[in-house]
Amino acid sequence: MNARWAPAVAFPLGVAASVAATWPAAVTWRTHSLVPVGYADVQAGMWWPRQVGDALLQGKNPFYAESLLWPVGQDVTRLVWNVLAELVLFPLWQVTTPLAALNLAAFLVSGLNAAACAWGVRRLGGGYSAAFAAAVMAGGSHFAFTEMVNGRIEQAFWAPVAVFLAELVAPDVRPVRAGIWLGLAAAVYWFYGYFLLLV
């Protein structure tokens, strides 16, 4: 199997691992949250992607929410800084309810993390067994899934971090690509950018 196929195989493997690790969430994703929906970050996780997407589609500033403190609105720059993950996941919010979208996003991110980790292991010279073991660990990570279902999707979106580290320490280092992925990691969650710079 060509190395480029590792992420394609790892994605469903990561989703399957997250389904197994969080069962029965996969059959109740439309109606149930794994955490109390009254929790502030869960509410924000269900609202923020819609806010960003709708604002950008209407040509408005996504960091100013007219729906908060209506009709005056409120600057939300200090509340939320991460936009990239919301833009990636915004389509989910268009086709289903906010709760279902948040749950689906958790499975999607688990698959993306698994694919990135498997690719990273292959990039570093690891075999397919090691790559798929990494995919299962990333996809089935309770820490990542807990972050996501608590509304903090960006804090569990490790794919850009994994690719950055692989590009940085691979035998044939590609600094330009590493820099691009460092920027994406920071755009997903600014803490990641800060701590990766320390690496």
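It should be emphasised that the depicted structure is a prediction, and the values quoted were computed from it without experimental measurement.

1. Looking at the pattern of salt bridges
Following the criterion strictly, the structure yields 7 salt bridges and no others. The partner of Lys 60 in a salt bridge is Glu 66, and the shortest N-O contact between them spans 3.5 Å. Among the residues examined, Glu 66 registers a relative accessible area of 42% and is labelled partly exposed. In this structure, the salt-bridge partner of Arg 177 is Glu 167, at a minimum N-O distance of 2.6 Å. Here Glu 167 lies in helix 9 (residues 159-169) and Arg 177 lies in helix 10 (residues 175-188), a separation of 10 residues in the sequence. Exposure remark for Glu 167: the relative accessible area of 1% places this residue in the buried category.

2. Thoughts on the packing of helix 5 (residues 98-123) against helix 6 (residues 128-139)
Following both chains from N to C, one finds helix 5 and helix 6 inclined at 155°, their axes separated by 8 Å at the closest point. Viewed along their axes, helix 5 and helix 6 adopt a mutual orientation that is roughly antiparallel. Handedness of the crossing formed by helix 5 with helix 6: right-handed. Along the contact surface, helix 5 presents Ser 110, Asn 113, Ala 114, Cys 117, Ala 118, Val 121 and Arg 122, while helix 6 presents Tyr 128, Ala 130, Ala 131, Ala 134, Ala 135, Ala 138 and Gly 139.

3. Remarks on the layout of surface pockets
What the second largest pocket holds in volume is close to 160 Å³. Along its surface, the second largest pocket is lined by Arg 50, Gln 51, Asp 54, Ala 55, Gln 58, Lys 60, Asn 61, Tyr 64, Ala 65, Glu 66 and Ser 67. Listed by contribution, the elements that provide at least two residues to the lining of the second largest pocket are helix 3 (40-57) and strand 1 (64-65). Residue composition of the lining of the second largest pocket, by class: 3 nonpolar, 4 polar and 4 charged.

4. Quick word on the packing of aromatic side chains
Under the criterion given, the structure shown has 8 aromatic pairs. A centroid spacing of 6.3 Å and a plane angle of 15° characterise the contact between Phe 143 and Trp 158, whose relative ring orientation is stacked. Of this pair, Phe 143 sits in helix 7 (residues 142-149) while Trp 158 sits in the loop between helix 8 (153-156) and helix 9; the two residues are 15 residues apart in sequence, bridging distant segments of the chain. Relative accessible area serves as the criterion here: at 22%, Trp 158 is assigned to the partly exposed category. Ring centres 5.7 Å apart and planes at 40° place the aromatic pair Tyr 189 and Phe 191 in the tilted group. By the ring-pair criterion, three or more aromatic residues cluster together here, those being Tyr 189, Phe 191, Tyr 192, Tyr 194 and Phe 195. For the cation-ring pair, Arg 122 lies above Tyr 128, with the distance from its terminal atom to the ring centre recorded as 3.9 Å.

5. Topic: empty space enclosed by the protein
Going through the model one piece at a time under the given rule, you end up with 1 cavity of 30 Å³ or more. When its volume is computed, the largest cavity comes out at roughly 40 Å³. In terms of lining, the largest cavity is formed by Ala 25, Thr 28, Trp 29, His 32, Leu 34, Asn 103, Phe 107, Phe 145 and Val 149. Of all the secondary structure elements, the ones that give two or more residues to the lining of the largest cavity are helix 2 (25-28), helix 5 and helix 7.

6. Examining the confidence of the model for the protein
Of all residues in the protein, 94% attain a pLDDT of 70 or more, and the chain-wide mean is 83. Across the protein, the element-wise mean pLDDT spans from 78 in helix 4 (residues 84-95) up to 91 in helix 6.

7. So, the side chain of Glu 147
Within the fold, Glu 147 resides in helix 7. Judged by its relative accessible area of 10%, Glu 147 falls in the buried class. Those residues in contact with Glu 147, other than ones at most four positions away along the chain, are Arg 152, Ile 153, Gln 155 and Ala 156.

8. Focus on helix 10
For helix 10, with 14 residues, the first-to-last C-alpha span of 20 Å sits near the 20 Å given by 1.5 Å per residue. Considered for burial, the residues of helix 10 that qualify are Ala 178, Leu 182, Ala 185 and Val 188. The buried side chains of helix 10 occupy one side of the element, clustering within an arc of 120° when seen end-on. Residues of helix 10 that are exposed and point more than 90 degrees away from the buried face comprise Val 176 and Ile 180.

The rules we used
Residues numbered from 1 in each chain as written. Predicted model: local features only at pLDDT ≥ 70, side-chain atom pairs only at ≥ 80, totals over all residues. Heavy atoms only, no water. Salt bridge = Lys/Arg side-chain N within 4 Å of Asp/Glu carboxyl O. Buried < 20%, exposed > 50% of the residue type's maximum accessible area, 1.4 Å probe, protein only. Helix = DSSP H or I, 4+ residues; strand = E, 2+ residues; numbered from the N terminus. Axes fitted to C-alpha atoms, helices over the stretch in contact; angles between N-to-C directions. Parallel < 35°, antiparallel > 145°, perpendicular 65-115°, else oblique. Left-handed = near helix turned anticlockwise from the far one by under 90°. Contact = heavy atoms within 4.5 Å. 1 Å grid on protein atoms, 1.4 Å probe; cavity = no way out; pocket = protein on both sides within 12 Å on 5 of 7 lines; lining within 4 Å. Points joined across faces, edges and corners; volume = space filled by probe spheres on them. Nonpolar A, V, L, I, M, F, W, Y, C, P; charged D, E, K, R; others polar. Phe/Tyr/Trp six-rings, centres within 6.5 Å; stacked < 30°, edge-to-face > 60°. Lys NZ or Arg CZ within 6 Å of the ring centre and 35° of its normal. pLDDT = per-residue confidence, 0-100. Expected span 1.5 Å × (residues − 1). Arc of directions from axis to C-beta.

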